[in-house]
Amino acid sequence: MSESNGHDPDLVPVRMLNEYVYCPRLAYLEWVQSEFEDSSDTVEGRYRHRRVDRETGRLPDPEEGDDPSTVHARSVMLSSAELGIIARIDLVEAEGGRATPVDYKRGDPPDRPEGAWDPERVQVCAQGLILRANGYECDEGVLYFTGAKTRVPVPFDDELVDLTKRSIAELRELASRGHIPPPLDDSPKCPRCSLAGICLPDEVNLLTRIGAPMAPHVGNGSAKPEANGDVRRLGPAREERLPLYVTEPGASVGKSGDNLVVKVKGKPVSKPKLFEIGQIALMGNVQITAQCLREVTGRGIPVCHFTGGGWFHGITRGHDHKNIELRQAQFATAAAEAPSLELAKSFVSGKIRNQRTQLRRNHPGDARSVLRQLKRLEDKSARAENAASLLGIEGAAAKAYFSEFSALIKVSSSTFDFRTRNRRPPKDPVNALLSFGYALLARDLTVTTLAVGFEPYLGFYHRPRYGRPALALDLAEEFRPIIVDSAVLMAINNGEVRDEHFVRSAGSVAMTSTGRRNFIAAYERRMEALVTHPVFGYPISYRKILNVQARLLARFLTGELGSYPAFCTR
């Protein structure tokens, strides 16, 4: 059934009753937190509804009861203030003063005595109650299953009416409490749910059971909970929509139908499909048409703007996420010193653990001294008493880590003679690659935090500063070594970036367009690489992990988890 996207807080959309009877948490996510994610089922459902979603026919007033002919009215919007519900009914068959709601469903009817599941029966019963409230006689509804082309009658007996009215009251009470229900436990309902990747039922249940964050990585000491093979990966291992990069100076981006059109010097060079694109990155002097901008922002595709030098400059997007509940929790936590410091310590300790992993995996010599030093700093970060001391610990860890970074570079070339980390502007090719990679990661996490419903410019470790996506930078900390640094080493050691891909001027180094494209390819390969999640035990790409981490942070801020679990690779 298709209903209005508008949210009147005094009226419960009847579609939400279906969701509530199916899963109270799903109803809360959709109605209270305004979460939604398409799946193949929802896309097919919209396709099946394309005819009934068009308003046709006129539903006669109930007083016009003398007309014996049957009238078919499609996509009828009605509400009942007394019941507190509103619905757009797929089809109403009216004859005289009697009306029958017909609700379209995909697939075939289930093999059970009632011919349908309770969520669907409650939904069509609520539509019938609305028709009654508007003066029509209505004692039965119909569920029409498009797969089998079968009509299933649903009598509105006292038991079903009581269940429907009770569900309305319970859903309203649930929304007023402001606390999300717990996830279903190992339910067969979850795999087909389009919001499984947002809900994270198995992940939240596991972290609640172990009652602790993902503990420090094994490697000279600390124990870590074992990966749990019972946690189901309920979504694809990789993101289905990927970034589109436009790097050629003077290029333009427009649209034609359901495709983007990228032109260079007026000639089309690429026509990617809009449904395959998750974001658009424009590097330097690249134009985008107003028509294209309106289309992509309307589809929830953000446009990320970079300077010619590779700095993440800004983002263009459509309406903000409607989950004000999450932003309220984010602002309240950011304003409180103690919980902000605890989150900051998780970000920093996760980063240091992953720096140790990077050196342990790739250092060709004896790195035991710096590994011990990083372990001490990791332990010290967990005991930091304030943000200033934590910042000093992070700086000391970065100095120790980058003191051995040159040993991870396997090519013999003076071009990549790395001495120390520097930036703004980078003074050597390695630093130019690191800075650009960190800008790409900040971009990805800005897009991710916006999609989850956060305010990306308000962080807990990185304090607010004009134009700085502080929360994205917070979450980036634990991923800098294992995503960006790894991509930089891969691009250098594989010969994808070479001396001719850099331009030197006035003591600074910049990348050429070719060098930038080559590094973007290495970065995207790293983002799409599958890893076994160290706690949940399923294969997942780094790009998907960014989303999972942001979702887990949201679950912590809204009170479902007792702590934020930093991601630390094995």
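Going by the structure above, here's the rest.
A brief report on the enclosed structure follows. These numbers come from a predicted model, not from an experiment.

In this structure, the second largest pocket encloses a volume near 1,100 Å³. Lining the second largest pocket are 39 residues, and of these Arg-423, Arg-424, His-462, Leu-473 and Arg-480 sit closest to its centre. Contributions of two or more residues to the lining of the second largest pocket are made by β14 (312-316), α10 (337-362), α12 (387-403), α13 (429-452) and α15 (480-493). For the lining of the second largest pocket, the leading source of residues is α12, giving 10 residues. Grouping the constituent residues of the lining of the second largest pocket by class yields 16 nonpolar, 10 polar and 13 charged.

All right, on to the sheet that holds β14 then. Here four strands make up an open sheet; going across it, the order is β7-β11-β13-β14 and the pairing mixed. Of all the strands in the sheet, just β7 (242-246) and β14 have a single pairing partner and so form its edges. If you compare each strand with its neighbour and ignore which way they point, the axes differ by 20° on average. Across four bridges, the pairing between strand β11 (residues 277-283) and strand β13 (residues 303-306) is parallel.

A separate point is empty space enclosed by the protein. Throughout the structure, instances matching the rule amount to two cavities of 30 Å³ or more. Estimates place the volume of the largest cavity at around 120 Å³. Along its surface, the largest cavity is lined by 13 residues, and Cys-23, Leu-26, Cys-190, Cys-193 and Cys-199 are the ones closest to its centre. Where the lining of the largest cavity is concerned, the elements lending two or more residues are α2 (24-32) and α6 (196-199). Tallied by class, residues from the lining of the largest cavity come to 11 nonpolar, no polar and two charged. Considering only enclosed or pocket space, the second largest cavity measures out at about 50 Å³ in volume. The wall of the second largest cavity is formed by Gln-33, Glu-35, Asn-323, Leu-326, Val-452, Arg-551, Ala-554, Arg-555 and Thr-558. Broken down by element, the lining of the second largest cavity gets its largest block of residues, three residues, from helix α17 (residues 542-557).

Let's shift gears to the pattern of salt bridges. Within this structure, the stated rule accounts for 32 salt bridges. Residue Arg-356 pairs with Glu-378 through a salt bridge whose shortest N-O separation is 3.6 Å. Residue Arg-356 is located in helix α10, and its partner Glu-378 is located in helix α11 (residues 368-382); the two are separated by 22 residues in the primary sequence. Comparing Arg-356 with Glu-378 shows no difference in burial state: the two are buried. For the salt bridge of Glu-496 with Arg-525, the shortest nitrogen-to-oxygen distance reads 2.7 Å.

Okay, helix α1 (residues 14-22) next. One full turn of an α-helix is made of 3.6 residues, so residues set three or four places apart face in the same direction. Every buried residue of α1 is listed here: Val-14, Met-16, Leu-17, Asn-18, Glu-19 and Tyr-20. Buried residues belonging to α1 abut β1 (12-13), α2, β3 (85-95), β4 (98-105), α4 (118-133) and α5 (158-177).

What follows concerns unusual backbone geometry. Positive phi values are uncommon outside glycine, yet Ser-34 reaches one of about 55°. Along the chain, the position of Ser-34 falls in the loop between α2 and α3 (40-48). Taking the relative accessible area as the measure of exposure, Ser-34 reaches 27% and is therefore partly exposed. With a phi close to 50°, Ala-506 is a non-glycine residue in the positive phi region. Summarising the element assignment, Ala-506 is placed in the loop between β15 (502-505) and β16 (508-511). The exposure class of Ala-506 is exposed, given its relative accessible area of 85%.

A word on the packing of aromatic side chains. Evaluation of the coordinates by the stated rule reveals 13 aromatic pairs. Ring centres of Phe-405 and Phe-418 lie 5.5 Å apart, and the angle between their planes is 65°; this geometry places the pair in the edge-to-face category. Pair noted here: Phe-405 is in the loop between α12 and α13 and Phe-418 is in the loop between α12 and α13, with a separation of 13 residues, a long-range link. When sorted by exposure, Phe-405 lands in the same class as Phe-418, which is buried. Directly above the ring of Tyr-438 sits Arg-480, whose terminal nitrogen or CZ lies 4.5 Å from the centroid.

A separate point is the environment of Phe-436. Looking at the secondary structure, you find Phe-436 in helix α13. Residues Phe-436 and Trp-311, spaced 125 residues apart in sequence, show a C-alpha to C-alpha distance of 6.8 Å. The contact partners of Phe-436, leaving out residues within four places of it in the chain, are Met-283, Gly-310, Met-511, Arg-516, Phe-519 and Ile-520.

With respect to the element layout, Ser-486 can be found in helix α15. For Ser-486, a relative accessible area of 14% gives the class buried. Among residues more than four places away in sequence, those in contact with Ser-486 are Gln-358, Pro-481 and Arg-526.

Parameters at a glance
- Residues numbered from 1 in each chain as written.
- Predicted model: local features only at pLDDT ≥ 70, side-chain atom pairs only at ≥ 80, totals over all residues.
- Heavy atoms only, no water.
- 1 Å grid on protein atoms, 1.4 Å probe; cavity = no way out; pocket = protein on both sides within 12 Å on 5 of 7 lines; lining within 4 Å.
- Points joined across faces, edges and corners; volume = space filled by probe spheres on them.
- Helix = DSSP H or I, 4+ residues; strand = E, 2+ residues; numbered from the N terminus.
- Nonpolar A, V, L, I, M, F, W, Y, C, P; charged D, E, K, R; others polar.
- Pairing = 2+ DSSP bridges.
- Axes fitted to C-alpha atoms, helices over the stretch in contact; angles between N-to-C directions.
- Salt bridge = Lys/Arg side-chain N within 4 Å of Asp/Glu carboxyl O.
- Buried < 20%, exposed > 50% of the residue type's maximum accessible area, 1.4 Å probe, protein only.
- Contact = heavy atoms within 4.5 Å.
- Phe/Tyr/Trp six-rings, centres within 6.5 Å; stacked < 30°, edge-to-face > 60°.
- Lys NZ or Arg CZ within 6 Å of the ring centre and 35° of its normal.

Any functional reading would require information beyond the geometric quantities listed.
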